[in-house]
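Commentary on secondary and tertiary structure
Residue-level listing of the chains:
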Amino acid sequence: MKELLQMAQADVQREGIRVRSLLQGQYRDNPEIDAAKLLASIWSNAYQLTALLTWRVFPEDQTIFTSTGDISQMWLRDSSAQMLPYISLAAASPKTSPLRKVLAAAMARQVSFILDDPYGSAFFFEHGEREDQGPSKNDCPRSPTCHACRCSDCSPACGKYTYQHNYELDSLLFPILTHYRYWRDAGETAHFTPDFEKALHAALSVMQVEQFHHSKSSFLAKGVKSRFADGIGLIWSFALPSDDDALPGYNIPENMLAVVTLSQAAEIAEGPLENAQLATTLRQLSAKIDAAIHKHGVKKMDSGEEVYVFQTDGKGQATLMDDANMPNLLWLPYVGTHFTDKIYDETRKLILSRQNRSFFQGSAASGLGSAHHSFGLRPQHPGPQCWGH
């Protein structure tokens with residue numbers, strides 16, 4: 001696998017250089033050539049970064065571990081976002097290309113982590129008793145696989161490699177999205193292994209349980225609980241994509257992603273997996289969440305227009321805002337046309353205005369920011385994680 005990884009890295013590097021040269025050539029006679037060269041170089045470096053700096057061979061099974069780049073651990077959501085830009089290059093490559101094999105190995109590592117801990121969102125490279133080895137000693141309860149773990153009010157037990165046991169719904173969804181895109185865009189089906197189907201069942205089970213968090217779930221993170229309506233069709237998530245607590249209960253963008261991703265998972269189940277019963281279950285859950293979003297996740301404004309809310313407790317209390325971390329409300333067109341309706345148009349207007357506490361505007365730029373780790377943030381400066389417009 002190490003040799004295949006090096007070959008895949010070389011393929012990505014060549015593509016990054018090729019596109020950079022192509023972009024710079026388009027502006028050869030343009031007065032903005034210097035700015036164009038700079039932007040082309042930034043794109044090229046960013047495109048190559050994941051392949052060159054974050055991929056490592058996982059010693060246990062020769063799969064590919066994908067760290068975030070700024071942190072040594074692997075996030076399920078982040079690793080999906082890091083892989084997605086390479087799918088088009090893989091699709092244009094031969095079936096036996098090193099890049100295809102590396103992407104399949106990276107997706108297999110995601111599957112293994114979900115099976116190891118479906119409530120985990122991020123994972124260590126190694127398992128052991130040291131503090132820099134999994135599972136997290138502070139965030140996981142003592143268990144047969146972790147005698148050094150010391151969280152007394154956390155449950156259930158973590159997996160061997162768990163770094164963050166903070167249950168983010170999108171961490172179960174993004175790997176499914178990546179598998180789907182790889183199938184549809186590159187024509188691959190070999191990555192739909194028996195373990196993938198097991199992981200899909202594990203993810204489905206968590207989502208069904210967390211629709212009834214108070215009555216059915218055993219998940220507990222350091223005693224933090226928030227009161228919200230149970231069994232209203234939405235899926236509860238402990239944390240937002242920003243890793244902050246999802247209060248007052250249900251995060252609407254994550255549930256929107258669930259609607260789309262569960263429909264895609266149903267296509268997978270009905271197609272390559274040849275499991276019609278599973279496909280029906282997935283579609284039914286998607287439809288139930290969709291109905292719940294339109295019942296509990298839409299608010300009528302004083303103007304008479306309707307907008308999607310960011311969070312709701314299912315009891316009538318809702319939060320009108322958005323956050324730069326995805327999934328969010330602003331990015332909905334990225335995952336398809338399901339929620340790009342008149343309500344989205346009105347929501348976008350609200351998000352990109354002073355009505356949204358995470359919108360920042362100054363003389364040089366404006367955009368959607370995030371309060372996550374943005375200490376010292378001032379209204380005239382977009383946050384460190386920001387979408388411009």
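Quick summary incoming for the structure in this document. (Residues numbered from 1 in each chain as written. Predicted model: local features only at pLDDT ≥ 70, side-chain atom pairs only at ≥ 80, totals over all residues. Heavy atoms only, no water.)

1. Describing the pattern of salt bridges
In the structure shown here, the tally under the stated rule is 18 salt bridges. The closest approach of N and O atoms between Arg130 and Asp132, which form a salt bridge, is 2.8 Å. Judged by relative accessible area, which is 45%, Arg130 ranks as partly exposed. The exposure class of Asp132 is partly exposed, given its relative accessible area of 47%. One salt bridge connects Lys198 with Asp195, and the closest N-O pair in it is separated by 3.9 Å. With a gap of 3 residues between them, Lys198 and Asp195 both fall in helix α7 (residues 194–209), about one helical turn apart. With a relative accessible area of 36%, Asp195 lands in the partly exposed category. (Salt bridge = Lys/Arg side-chain N within 4 Å of Asp/Glu carboxyl O. Buried < 20%, exposed > 50% of the residue type's maximum accessible area, 1.4 Å probe, protein only. Helix = DSSP H or I, 4+ residues; strand = E, 2+ residues; numbered from the N terminus.)

2. A few points about the nonpolar core
Counting residues in each nonpolar core, the largest one holds 78 residues, and the members touching the most others are Tyr167, Leu282, Ile289, Ile293 and Tyr308. Contributing elements (two or more residues each) for this core: α5 (98–116), α6 (169–186), α7, α9 (252–270), α10 (276–296) and α11 (342–351). Counting residues per element, this core draws most heavily on α9, which supplies 11 residues. If near-sequence neighbours (up to four positions away) are discounted, Leu282 is found in contact with Leu200, Leu204, Leu262, Ala265, Ala266 and Ala269. By size, the runner-up hydrophobic cluster in this structure holds 21 residues, among which are Leu5, Tyr86, Ala90 and Ala106. (Core = buried A, V, L, I, M, F, W, Y, C linked by side-chain atoms within 4.5 Å. Contact = heavy atoms within 4.5 Å.)

3. Here's the deal with the sheet that holds strand β4 (residues 122–123)
Ordered in space as β3-β4-β5, the 3 strands form an open sheet in which the pairing is antiparallel. In this open sheet, the two strands that pair with only one neighbour each are β3 (74–75) and β5 (162–164). Summarising the sheet, β3 and β4 pair through 2 bridges and their orientation is antiparallel. Bridging from a neighbouring strand, Met74 pairs with Phe123 of β4. (Pairing = 2+ DSSP bridges.)

4. A look at the sheet that holds strand β6 (residues 250–251)
Reading across from one edge, β6-β9-β10 is the order of the 3 strands in this open sheet, with antiparallel pairing throughout. The open sheet has two edge strands with one neighbour each: β6 and β10 (318–319). Of the strand pairs in this sheet, strand β9 (residues 311–312) and β10 are connected by 2 bridges, and their pairing is antiparallel. Among the inter-strand pairings, Gln311 is bridged to a residue of β10, identified as Thr319.

5. Some points on the packing of α5 against α6
Taken N-terminus to C-terminus, the directions of α5 and α6 make an angle of 150°; their axes are 10 Å apart at the nearest point. In terms of orientation, α5 and α6 fall into the roughly antiparallel class. Along this stretch, α5 crosses α6, giving a crossing that reads as left-handed. Of the residues in α6, those touching α5 at Arg100, Leu103, Met107, Gln110, Val111 and Ile114 are Leu172, Pro175, Thr178, His179, Tyr182 and Ala186. Across the contact of α5 with α6, the residue classes break down as 8 nonpolar, 3 polar and 1 charged. (Axes fitted to C-alpha atoms, helices over the stretch in contact; angles between N-to-C directions. Parallel < 35°, antiparallel > 145°, perpendicular 65-115°, else oblique. Left-handed = near helix turned anticlockwise from the far one by under 90°. Nonpolar A, V, L, I, M, F, W, Y, C, P; charged D, E, K, R; others polar.)

6. Structural notes on unusual backbone geometry
Going from Ser155 to Pro156, the amide bond is cis rather than trans, its omega being -5°. On the secondary structure map, Pro156 appears in the loop between β4 and β5. Even without glycine at this site, Gln62 takes up a positive phi of about 65°. Among the structural elements, Gln62 can be located in the loop between β1 (55–57) and β2 (64–66).

7. Observations regarding the side chain of Asn251
Relative to the elements of secondary structure, Asn251 occurs in strand β6. Within polar-contact distance, the side chain of Asn251 engages the backbone oxygen of Phe310 at 3.4 Å. Excluding residues that lie within four positions of it along the chain, Asn251 makes contacts with Leu240, Phe310 and Gln311. (Polar contact = N/O pair within 3.5 Å; in protein donor to acceptor, adjacent residues only side chain to side chain.)

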